[in-house]
Each structure stands twice: as structure tokens, then as C-alpha cells.
Amino acid sequence: MSKSSLIISKSSYVAGEGEFRVQTVAAADLAVVNGIIASAVESWPVPGRLKRLSLPLLQYSEADLAEFHCFVLVQGGNSKGVAVLSRDTSFVGRHETRCALLHGLYVQADSQRSGVGRNLQQVVANRARESGCEGLLVKAQRVSRSYFEDQGYVAWVSPGVDYPYLYWRAI
């Protein structure tokens, strides 16, 4: 996916310097975003049938942009990863912290383990902090639990939230 296929408005949020940029996504960019998600899902160590069934549920539509901030990391002229942060900051995390929900974090298969996910998490943490949040919540997929644990998230059981892999991290 090339940077040229990404349409970025002048009011876009831009972070990073040198080797990468993180930019906000417009509706016209959803094909790029969903392509990154497809590449990431293809790398999961699960049966192909599960990948085919999961993918449509994980991809985003124009209507989703009203509920989420969506960021893409561009490196070397190519879109490498996407992070999706809920606009709702009313979630309560560990120690009664006000939290934002990291709704999605996906990295192209050929860019995994290169710092793309870590850089995207920094951008969403900064955005959440700007909104008055003290933490991030993640409803992780089973295959990504160890990744989030390695990034400093801790497993958390929240009253009233029935989700098997809920993680929290202070920001």
C-alpha cells in the first residue's frame, strides 16, 4: 500500500519525524486501513476459516469514523500499521482511572516486530492523555495477548465487562 493511495486532509494529526509519520485517516482511506487489517489477520496463527470469518468483523466502515479516531503509520512511503482509538473516554480502568479504549491495533505482516505497533500506541496514548485519560484499555484477541503484556499492559477483570482478554495500562 503506497502513501500515494492515502488521502490526508490539511487538518490531519501528524506525529513522528524522520523515518515515519502517523496521520489521521479520512473515509477515502478506509481501503488502505482495511488492507492493513487483512494483512495482519493473515499473519495470525489460526486456521484459515477463522481468518475468513473474522476479517469482515474487524474491518472499518465510514460510519465507524464517527465513533473512532483512526491513525495510520506511514514509513518509507508505505502504510505500515493502523491504530483505532474510541472517541468515548468514559471507560473506567484499574485504580478507577479514566480510560480510552484502544479498539484496534494492526500492523502489516511484513512490518511486525519493527516498532510500528509501539509507535502507534504512543500516538494513541498521547491523544488519550490530551482528552484527560489516565489509561488505555484493550480488548485483545487471544493471539495478541502476549504482545500487549510485553507492552506493559496488565490483564484486568472489570465488573460488568464480560470479555476474556481485557488489558489496562497507565499512560
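Residues numbered from 1 in each chain as written. Predicted model: local features only at pLDDT ≥ 70, side-chain atom pairs only at ≥ 80, totals over all residues. Heavy atoms only, no water.

Caption draft 1: Layout of the nonpolar core. Judged by nonpolar contacts, the single largest core of 23 residues is most densely connected at Leu102, Leu120 and Leu136. For this core, the element with the most residues is helix H3 (residues 116–130), which contributes six residues. Apart from the residues within four sequence positions on either side, leucine 136 is in contact with Leu85, Cys99, Ala100, Val124, Ala125, Ala128, Tyr153, Tyr167, Trp168, Arg169 and Ile171. Judged by nonpolar contacts, the second largest core, of 20 residues, contains Val25, Val32, Ala40 and Val74. (Core = buried A, V, L, I, M, F, W, Y, C linked by side-chain atoms within 4.5 Å. Buried < 20%, exposed > 50% of the residue type's maximum accessible area, 1.4 Å probe, protein only. Helix = DSSP H or I, 4+ residues; strand = E, 2+ residues; numbered from the N terminus. Contact = heavy atoms within 4.5 Å.)

Caption draft 2: Seen up close, the side chain of histidine 69. For histidine 69, the location among the structural elements is in strand S3 (residues 68–75). There is a polar contact of 3.3 Å between the side chain of histidine 69 and the side chain of arginine 87. At 3.0 Å, the side chain of histidine 69 forms a polar contact with the side chain of arginine 127. In this view, histidine 69 contacts Ala83, Val84, Leu85, Ser86, Arg87 and Arg127; residues no more than four positions away in its chain are not counted. (Polar contact = N/O pair within 3.5 Å; in protein donor to acceptor, adjacent residues only side chain to side chain.)

Caption draft 3: View of the pattern of salt bridges. If you walk through the whole model with that rule in mind, you get one salt bridge. Between glutamate 130 and arginine 127 there is a salt bridge whose closest N-O contact spans 3.8 Å. Here glutamate 130 pairs with arginine 127, and both are found in helix H3, just three residues apart, close to one helical turn. Residue classification places glutamate 130 among the exposed positions, given a relative accessible area of 57%. Here arginine 127 falls in the buried class, since its relative accessible area comes to 15%. (Salt bridge = Lys/Arg side-chain N within 4 Å of Asp/Glu carboxyl O.)

Caption draft 4: How the structure looks around the state of the cysteines. Going through the model one piece at a time under the given rule, you end up with zero disulfides. Distance from the sulfur of cysteine 133, which forms no disulfide, to the nearest cysteine sulfur (cysteine 99) is 6.7 Å. The class for cysteine 133 is buried, based on a relative accessible area of 4%. (Disulfide = S-S within 2.5 Å.)

Caption draft 5: Geometry of the layout of surface pockets. In this structure, the largest pocket spans a volume of roughly 950 Å³. In this structure, the largest pocket is lined by 37 residues; those nearest its centre are Trp44, Leu105, Ser144, Tyr147 and Phe148. Taken together, the elements giving at least two residues each to the lining of the largest pocket come down to helix H2 (48–58), strand S6 (98–107), H3, strand S7 (135–139) and helix H4 (145–150). The element best represented in the lining of the largest pocket is S6, accounting for seven residues. Here the residues of the lining of the largest pocket sort into 19 nonpolar, 13 polar and five charged. Estimates place the volume of the second largest pocket at around 160 Å³. (1 Å grid on protein atoms, 1.4 Å probe; cavity = no way out; pocket = protein on both sides within 12 Å on 5 of 7 lines; lining within 4 Å. Points joined across faces, edges and corners; volume = space filled by probe spheres on them. Nonpolar A, V, L, I, M, F, W, Y, C, P; charged D, E, K, R; others polar.)

Caption draft 6: Region of interest: H3. Compared with the 21 Å implied by 1.5 Å per residue over 15 residues, the 21 Å span of H3 between its first and last C-alpha is a close match. Burial in H3 covers these residues: Val116, Gly117, Leu120, Gln121, Val123, Val124, Ala125, Arg127 and Ala128. Count one or two residues on from H3 and you reach glycine 132, which has phi positive near 90 degrees. (Expected span 1.5 Å × (residues − 1).)

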